Amino acid sequence: MDLTYAACKLLLLFLLIFCTSYQCCATGINADQTAWLFVNVSENPPRKIPNTMFGISFEEINHSGAGGLWAELVSNRGFEAGGQNTPSNISPWSILGDESLIFVSTDRSSCFDRNRIALRMEVLCNTDGGNICPAAGVGVYNPGFWGMNIEQGKTYKVTFYVRSLQPIEMSVSLIGSNGVQKLATADIIQSCSCRDDNVTNWTKKEVLLQAAGTDPNSRLQLTTRKRGTIWLDQVSAMPLSTHKGHGFRQDLFNMLADLKPGFIRFPGGSFVEGDWLVNAFRWKETVGAWEERPGHFGDVWQYWTDDGLGYFEYLQFLIDMYDIVVNLQLAEDLGALPVWVFNNEISHNDQVDSSVILPFVQDILDAIEFARGDPTSTWGSVRAAMGHAEPFDLRYVAVGNQDCGNKNYRGNYMKFYTAIKGTYPDIKIISNCDGSTRQLDHPADLYDFHVYMNANSMFSMAHNFDHTSRSGPKAFVSEYAVTGNDAGRGSLLKALAEAAFLLGLESNSDVVEMASNAPLFVNTNDWRFNPDAIVFDSSKVYGTPSYWMQHFFKESNGAILLNSKLQANSSSSLIASAISWKNPDNNRSYLRIKVVNFGSNRVSLKVSIDGLDKNSIEAAGSTITTLMSGNVMAENSFSEPKKVAPTTSQLENASNRMNVVLAPYSLISIDLLRKSNIVQVTGCNAALCTSL
């Protein structure tokens, strides 16, 4: 016993000496670190961050649009997804009734020239005789995109085209997930073949269904108990509760609006290019009446889209977002500007030679005329006929996506650039070629910059633009994300590394004009790309930590960047930035300091603000907001949607000299409320001084 006790004492003494001489790295043993942050609010002249600095990049990926933001409940509504040969696959449509009761196929008898496929139902049973139909009838049903979210009390508009040589008796129903419960139903009965009640020619039918129950996994069902042949086409079901009635799912729209984006890039991404040009996004195929749009197969992400969310709808979406942002920012000139990415006739596998590119150049000029042209112009009149006589504010276009290395890119690019600038000299044109380390060999207003990497590398990327030339085109960081094991399905570690990168971009906002995270959305049933900012299913939605991280930057658009400098007593895992901004809710001015601690140690941060008297700070209105967790790989979920989300509390020691403790692996935002909206700066521009 005595020998054992003595041995234990000796071992403990050795460990104590070892840990004292060499910093032990076990959790909880490291001492706190100290760092200093110096902020100067009197820099002259002050530097304004672009209004477009932080925005969003929307791509049709992971069923972000079809089965997501676009609220259409029916999947493959025009029966075109199976191809133009008949018979064809009608998935996800299914048949109600066995082969002795009904025979379902497709043919090319549709009344729509651009989408000829129609569904043909030959009903073999009847209400009497030897082959009696089931009481529930026979027909077809559509489950939507992994279930239709039907909510009690809400109304749904069902539209379809029908043709039959005999009078029809049909039921249109919303059915619960058990296949039996009727949430809503309406009967369509044609009692005669008279002119006013005749479906021998294609006829449009519309019914409004008010749900008597709720089920997030419902389906749309069209049935009959009458023998005969019925053709169906362009079957749509839309909730009436979309944003402004424009077709956008309200909860997903709200998630984006809450970010107050300065711009929206659309519709991709690789979706624009296609694996092959035959499957690229073609804007002319996506405008006009929804029934007449042929849809297309997005071969990069491997699913069909009916293109209800088309070029016009993207532009309309921007207007809707602009209205909300204007109300929030109280500035007529600040809104979510559209950034349209168009195909420059290069896909992942084929491309058009520059010598024959001119017809495609004209196609893009037509697209810009559709967006910006007078309502009496050729394509402006098409826009006006769709209900939007006023031109859209299209100021940015990107020529292709990640195409710089292709042999025809520069030749094609110059054809597009010359033609667009010749007709629309104010439009800013974005090149795919990186101009951050060397001068571009062709003219451009901005250059596209994409970055996908692990968390440590992303943290280091915060300084990527520190040495970029201050002259020439500015950067558009249209896609950034931490990927791989560090990301999980949206980890805190991912969010913090991305926050550090954004702080670096904010500090370099004289050479970076725009930045957006990608991908934006994922339907939890279709993870084509992982991770993503916002996760949803038919009825629920949550933001990942990266989504909540972006909230820390939404006041930066149009704010004043303040000079700030960090000093640490060891190799630092900190990065910081400071801005001055005005809160439109109370019309008060704030100084905001954002800091990322990307290390495993707590840090005592001593903040010193020059040019701001402590008496000009209102402690009662000053706050600190933190994004952190005890587990750096923590993620949100449907069951815990805000497991990792910002928390805000009053800042107790608000002053121009203060000490703030930074938790390991955390992001903080300190908002100091100013008693005065104006800071006197010698030689300061009046407009900028007001925002100070």
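One can find the structure itself at the top, above this paragraph.
A brief look at the structure comes next. Just so you know, these numbers come straight off a predicted model, no measurement behind them. (Residues numbered from 1 in each chain as written. Predicted model: local features only at pLDDT ≥ 70, side-chain atom pairs only at ≥ 80, totals over all residues. Heavy atoms only, no water.)

Things to note about the overall build of the chain
Helix and strand counts for the chain come out as 11 helices and 34 strands. Considering the chain as a whole, with its 692 residues, one finds that 57% of them fall into the buried category. Restricting the contact set of the chain to residue pairs at least 6 apart, pairs at least 24 apart contribute 75%. A total of about 28,300 Å² of accessible surface is found on the chain, and carbon and sulfur atoms cover 51% of it. (Helix = DSSP H or I, 4+ residues; strand = E, 2+ residues; numbered from the N terminus. Buried < 20%, exposed > 50% of the residue type's maximum accessible area, 1.4 Å probe, protein only. Contact = heavy atoms within 4.5 Å. Areas by Shrake-Rupley, 256 points an atom, 1.4 Å probe, with all protein chains shown as cover.)

What to know about the environment of Arg219
In this structure, Arg219 sits in strand 13 (residues 215–224). With relative accessibility at 15%, the residue Arg219 sits in the buried group. Sequence separation between Arg219 and Met148 is 71 residues; the distance between their C-alpha atoms is 5.7 Å. Setting aside anything within four residues of it in sequence, one finds Arg219 in contact with Leu96, Tyr141, Asn142, Pro143, Met148, Ser173, Leu174, Ile175 and Gly179. Only 3.2 Å separates the side chain of Arg219 from the side chain of Gln221, close enough to count as a polar contact. (Polar contact = N/O pair within 3.5 Å; in protein donor to acceptor, adjacent residues only side chain to side chain.)

Describing the pattern of salt bridges
Enumeration according to the criterion identifies 31 salt bridges in this entry. With its nearest N and O atoms 2.7 Å apart, the salt bridge here joins Arg395 to Asp393. Because the salt bridges share partners, they merge into one network encompassing Lys157, Lys204, Glu206 and Glu291. (Salt bridge = Lys/Arg side-chain N within 4 Å of Asp/Glu carboxyl O.)

A short note on the packing of helix 5 (residues 358–372) against helix 6 (residues 378–385)
Two elements in contact, helix 5 and helix 6, have axes separated by 7 Å at closest approach and are oriented at 45 degrees. Considering their axes alone, helix 5 and helix 6 lie oblique with respect to each other. In the packing of helix 5 onto helix 6, the handedness of the crossing is right-handed. For the pair formed by helix 5 and helix 6, the contact residues are Asp366, Glu369, Phe370, Ala371 and Arg372 on the first element and Thr378, Trp379, Gly380, Val382 and Arg383 on the second. (Axes fitted to C-alpha atoms, helices over the stretch in contact; angles between N-to-C directions. Parallel < 35°, antiparallel > 145°, perpendicular 65-115°, else oblique. Left-handed = near helix turned anticlockwise from the far one by under 90°.)

A few points about the packing of helix 5 against helix 7 (residues 409–423)
One can describe the packing of helix 5 onto helix 7 by two numbers: an axis separation of 10 Å at closest approach and a directional angle of 35 degrees. Between helix 5 and helix 7 the crossing geometry is right-handed. Touching Leu358, Phe360, Val361, Ile364, Leu365 and Ile368 of helix 5 are Lys415, Phe416, Ala419, Ile420 and Thr423, all from helix 7. Grouping the constituent residues of the contact of helix 5 with helix 7 by class yields nine nonpolar, one polar and one charged. (Nonpolar A, V, L, I, M, F, W, Y, C, P; charged D, E, K, R; others polar.)

Side note on the side chain of Ser478
Mapped onto the fold, Ser478 is located in strand 22 (residues 474–482). Of note is the side chain of Ser478, whose polar atom sits 2.5 Å from the side chain of Asp448. Discounting chain neighbours no more than four positions away, the residues touching Ser478 are Ser57, Arg265, Asp448, Phe449, His450, Ser516 and Ala518.

Some details on the packing of aromatic side chains
Under the counting rule described, the total for this entry stands at 32 aromatic pairs. Aromatic side chains Phe271 and Phe281 sit 5.8 Å apart centroid to centroid with 50 degrees between the ring planes, which places their arrangement in the tilted category. With Phe271 in helix 3 (residues 270–273) and Phe281 in the loop between helix 3 and strand 16 (296–298), the pair connects residues that are 10 residues apart, well separated along the chain. Of the two residues examined, Phe271 and Phe281, each falls in the buried class. Geometrically, the ring pair formed by Tyr311 and Trp340 is tilted, given 4.9 Å between the ring centres and 45 degrees between the ring planes. You can see Tyr311 sitting in helix 4 (residues 311–329) and its partner Trp340 sitting in strand 18 (residues 337–342), a full 29 residues away along the chain. Assigned by exposure class, Tyr311 and Trp340 land together as buried. Ring pairs connect the aromatic residues Trp283, Tyr311, Phe312, Trp340, Phe342, Phe370, Trp379, Phe392 and Phe416, which therefore count as one cluster. Above the face of the Trp231 ring, Arg163 is positioned so that its terminal group lies 3.9 Å from the ring centre. When the ring centre of Trp527 is taken as origin, the NZ or CZ atom of Arg489, which lies over that ring, is 4.0 Å away. (Phe/Tyr/Trp six-rings, centres within 6.5 Å; stacked < 30°, edge-to-face > 60°. Lys NZ or Arg CZ within 6 Å of the ring centre and 35° of its normal.)

Here we look at the nonpolar core
Residues Tyr311 and Trp340 are the most contacted members of the largest nonpolar core, which totals 118 residues. Ranked by residues supplied to this core, first place goes to helix 9 (residues 492–507) with 11 residues. Apart from residues lying up to four places away in sequence, Tyr311 is in contact with Phe266, Phe281, Trp283, Thr286, Val287, Trp340, Ala367, Ile368, Phe370, Ala371 and Leu394. (Core = buried A, V, L, I, M, F, W, Y, C linked by side-chain atoms within 4.5 Å.)

A short note on the side chain of Ser622
Checked against the element boundaries, Ser622 lands in strand 31 (residues 617–627). With a relative accessible area of 0%, Ser622 lands in the buried category. Looking at Ser622, its side chain comes within polar contact range of the main-chain oxygen of Glu618, at 2.8 Å. Looking at Ser622, its side chain comes within polar contact range of the main-chain nitrogen of Leu673, at 3.0 Å. Dropping the residues within four chain positions of it, Ser622 is found in contact with Ile617, Ser649, Gln650, Leu651, Ala654, Asp671, Leu672 and Leu673.

Re the state of the cysteines
Counted according to the given criterion, the structure contains two disulfides. Put simply, Cys125 and Cys133 are joined by a disulfide, and their sulfur atoms are 1.9 Å apart. When the S-S torsion is 95 degrees, as for the bridge of Cys125 with Cys133, the disulfide is right-handed. Overall, the relative accessible area of 0% leaves Cys125 in the buried class. Shown here is the disulfide that connects Cys404 with Cys433, its sulfur atoms set 2.1 Å apart. Given an S-S torsion of about 100 degrees, the disulfide between Cys404 and Cys433 has right-handed geometry. In this pair, Cys404 is assigned in the loop between strand 19 (396–399) and helix 7 and Cys433 in the loop between strand 20 (428–431) and strand 21 (446–453), connecting sequence segments 29 residues apart. Grouping residues by exposure puts Cys404 and Cys433 together as buried. (Disulfide = S-S within 2.5 Å.)

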